[in-house]
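# Analysis of the macromolecular model
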Amino acid sequence: MLLTLEIESEKPLYVQIRDQIIEGLATGELQNGESLPSTRQLAMDFGINFHTVNKAYDILRQEGILRLNRKTGAVVYVSEAGEEFAADWSGRLRTLLAEAFVKGMTKSELAKQCQSVIESFEEKEKCSK
Amino acid sequence: MTASYFTMGAIIVLILVVQWVMPKLIDNKVPFGVRIPPERVHDPAVHKAYRRYYFGMAITTALSIAVWFFLSSAILNSFNQPIISLLPLLPIALGFLTYYAVHRTLQQSKRNERWMEGHRQVIAVETNIEKFKARVSLAWALPTLLIIIATFLIGGLYYPNIPQVFPIHFGADGVANRFATKSAIGIFSVAFIQVGTLLLMGVLHVVILRTRESLDPADPSGSAGRLSRRTARLICALWIMMACFNLGMLWTNLCIWGAMHVGPTGIMLGTFIPNIVGIACIILAAVKSPISNSVTHAEANSSMPVRRDDDANWFMGVFYVSRDDPRFLVAKRFGIGWTINLANPVSWAIVGVIILAAILPRIL
């Protein structure tokens with residue numbers, strides 16, 4: 001998949017990498033089991049500090065999306081979400097929707113936006129064993 | 001007129017040809033080392049920059065050829081020998097001044113008119129490395145390797161016939177000016193340099209294949225294909241150039257061992273001509289693999305994401321200095337091939353090794 005970084009953005013670079021990998025998985029651009037470049041290689045390709053990529057990969061590993069191995073490198077391996085994840089995610093979703101609602105977005109608009117995002121996701125292979 | 005005038009003349013012509021075609025060989029979104037957004041490719045300021053460059057190059061060409069003619073006239077023949085070997089520096093210096101003047105003016109226009117304002121600047125890379133990987137077989141090293149093996153074999157077989165004292169250094173006129181006494185190691189002093197260059201090129205082959213440039217966000221897969229094609233072709237051309245260089249060196253060896261009696265002119269021509277062929281191959285490889293985006297620029301507008309403006313990392317548009325960038329080799333902006341990242345200690349180590357390799361044989 002294509003990863004793009006905005007150096008000028010307020011969003012930290014490692015968060016940009018992490019978010020795009022998750023979105024790539026959802027839309028099917030990235031498949032479960034697919035290899036990602038090594039930390040060093042990706043840092044070289046972007047021309048950014050090696051620790052930035054390391055941080056993004058480490059977060060993805062903690063979130064159960066990436067497996068890091070000295071031999072096989074970085075491989076996408078999505079593990080099933082636990083109860084803790086569901087609670088945390090609902091909380092974040094609530095905040096996110098509230099932000100838009102407070103700023104004047106109507107309920108139907110909110111629902112429409114959510115629907116279009118969901119439709120862009122690919123159903124198959126969303127979660128593996 | 002001696003061989004050295006012809007050789008220097010040929011080198012000067014080669015340098016001038018490279019300088020004339022350079023603006024056409026590089027990415028049209030980085031003219032003269034200045035990164036510009038796609039809709040500015042046909043901006044009047046850019047067109048003016050090209051005109052000024054070609055005008056400067058016309059002066060460079062006229063001056064270089066005039067000086068060459070002047071020096072090759074018989075009147076100065078007695079003391080201009082050292083000068084003639086420095087002559088290629090003239091088109092290099094004048095060409096660079098031309099480039100730099102154009103670079104400065106264009107950068108000024110870009111800054112004053114805020115060309116990058118409103119553009120979303122991104123660095124785009126492909127995570128699927130295999131998809132657009134440049135692939136070059138190490139078999140391209142075979143011709144060079146065979147020539148070097150042949151050099152050692154011929155040297156070994158011919159050893160009994162090599163004179164007790166043989167030349168090891170030649171002046172620009174092709175006349176020997178330093179000699180050495182025959183020894184098993186001494187006769188291979190040139191061949192050891194050849195082995196060194198082979199090893200260096202082998203390392204470069206591997207390193208270059210691992211180095212990738214960021215993609216054009218407006219045309220990621222197209223630019224990925226173009227970049228990997230150029231990388232692959234340039235590596236092949238570099239290997240051909242290595243083979244040519246070693247062929248020239250083999251010729252030098254045969255001459256210093258006394259196996260060939262061709263005189264100074266023959267030594268010089270035999271050493272230089274293969275190198276000229278090699279450099280021509282590099283130019284051809286770059287010509288045959290353009291990297292400019294062919295997407296029509298009428299489509300380009302400021303809402304499209306563009307490659308990040310990294311002008312700040314390029315001192316004078318040609319020297320790359322970036323502390324954040326872990327790469328030590330990056331593709332040149334105004335030139336063919338790669339340059340080192342001056343902020344990376346590895347680059348300095350490599351430069352040190354090359355300088356050491358160049359100096360060591362003279363000290364020993």
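Scoring rules and cut-offs
Residues numbered from 1 in each chain as written. Chains lettered and ligands numbered in written order. Predicted model: local features only at pLDDT ≥ 70, side-chain atom pairs only at ≥ 80, totals over all residues. Heavy atoms only, no water. Helix = DSSP H or I, 4+ residues; strand = E, 2+ residues; numbered from the N terminus. Buried < 20%, exposed > 50% of the residue type's maximum accessible area, 1.4 Å probe, protein only. Contact = heavy atoms within 4.5 Å. Areas by Shrake-Rupley, 256 points an atom, 1.4 Å probe, with all protein chains shown as cover. Lys, Arg positive; Asp, Glu negative; His and termini not counted. Charge placed at Lys NZ, Arg CZ, Asp CG, Glu CD. Disulfide = S-S within 2.5 Å. Patch = residues over 30% accessible without salt bridge, like charges linked within 9 Å, V, L, I, M, F, W, Y side chains within 5 Å. Salt bridge = Lys/Arg side-chain N within 4 Å of Asp/Glu carboxyl O. Pairing = 2+ DSSP bridges. Axes fitted to C-alpha atoms, helices over the stretch in contact; angles between N-to-C directions.

## Focus on the overall build of chain B
- Helix and strand counts for chain B stand at nine helices and eight strands.
- The principal-axis extents of the C-alpha atoms in chain B amount to approximately 75 × 50 × 35 Å.
- Looking at the 364 residues of chain B, the share that counts as buried comes to 47%.
- Look at the contacts in chain B between residues 6 or more apart in sequence, and 73% of them connect residues 24 or more apart.
- When the accessible surface of chain B is summed, it comes to about 17800 Å², and 71% of that surface belongs to carbon and sulfur atoms.
- Distance between charge centres in chain B, computed from 31 positive and 17 negative side chains, equals 7 Å.

## Concerning the state of the cysteines
All names here are of chain B.
- Counted according to the given criterion, the structure contains zero disulfides over all chains.
- A disulfide-free cysteine, Cys-244 has its sulfur positioned 5.7 Å from the sulfur of Cys-281, the nearest such atom.
- Residue classification places Cys-244 among the buried positions, given a relative accessible area of 11%.

## Re a nonpolar patch on the surface
All names here are of chain B.
- A contiguous nonpolar surface patch, about 460 Å² in accessible area, is contributed by Leu-142, Leu-145, Leu-146, Ile-149 and Leu-153.
- Summarising the element assignment, Leu-142 is placed in helix α5 (residues 142-158).
- Using a relative accessible area of 43% as the deciding quantity, one classes Leu-142 as partly exposed.

## Comments concerning the sheet that holds strand β2 (residues 35-36) of chain A
Residues and elements named next belong to chain A.
- Read across the sheet, three strands follow the order β2-β4-β3 without closing on themselves; strand pairing throughout is antiparallel. The sheet is open, and its two edges are formed by β2 and β3 (66-69), each paired on a single side.
- As paired elements, β3 and strand β4 (residues 73-76) share four bridges and run antiparallel to each other. Across the sheet, the residue bridging to Arg-67 is Val-75, located in β4.
- Seen against the sheet, helix α3 (residues 50-62) touches β2, β3 and β4 and runs at an angle of roughly 115° to β3.

## Concerning the side chain of Asp-216 of chain B
- As for its placement among the helices and strands, Asp-216 of chain B is situated in the loop between α6 (189-210) and α7 (220-256).
- Residue Asp-216 of chain B is classed as buried on the basis of its relative accessible area, which comes to 6%.

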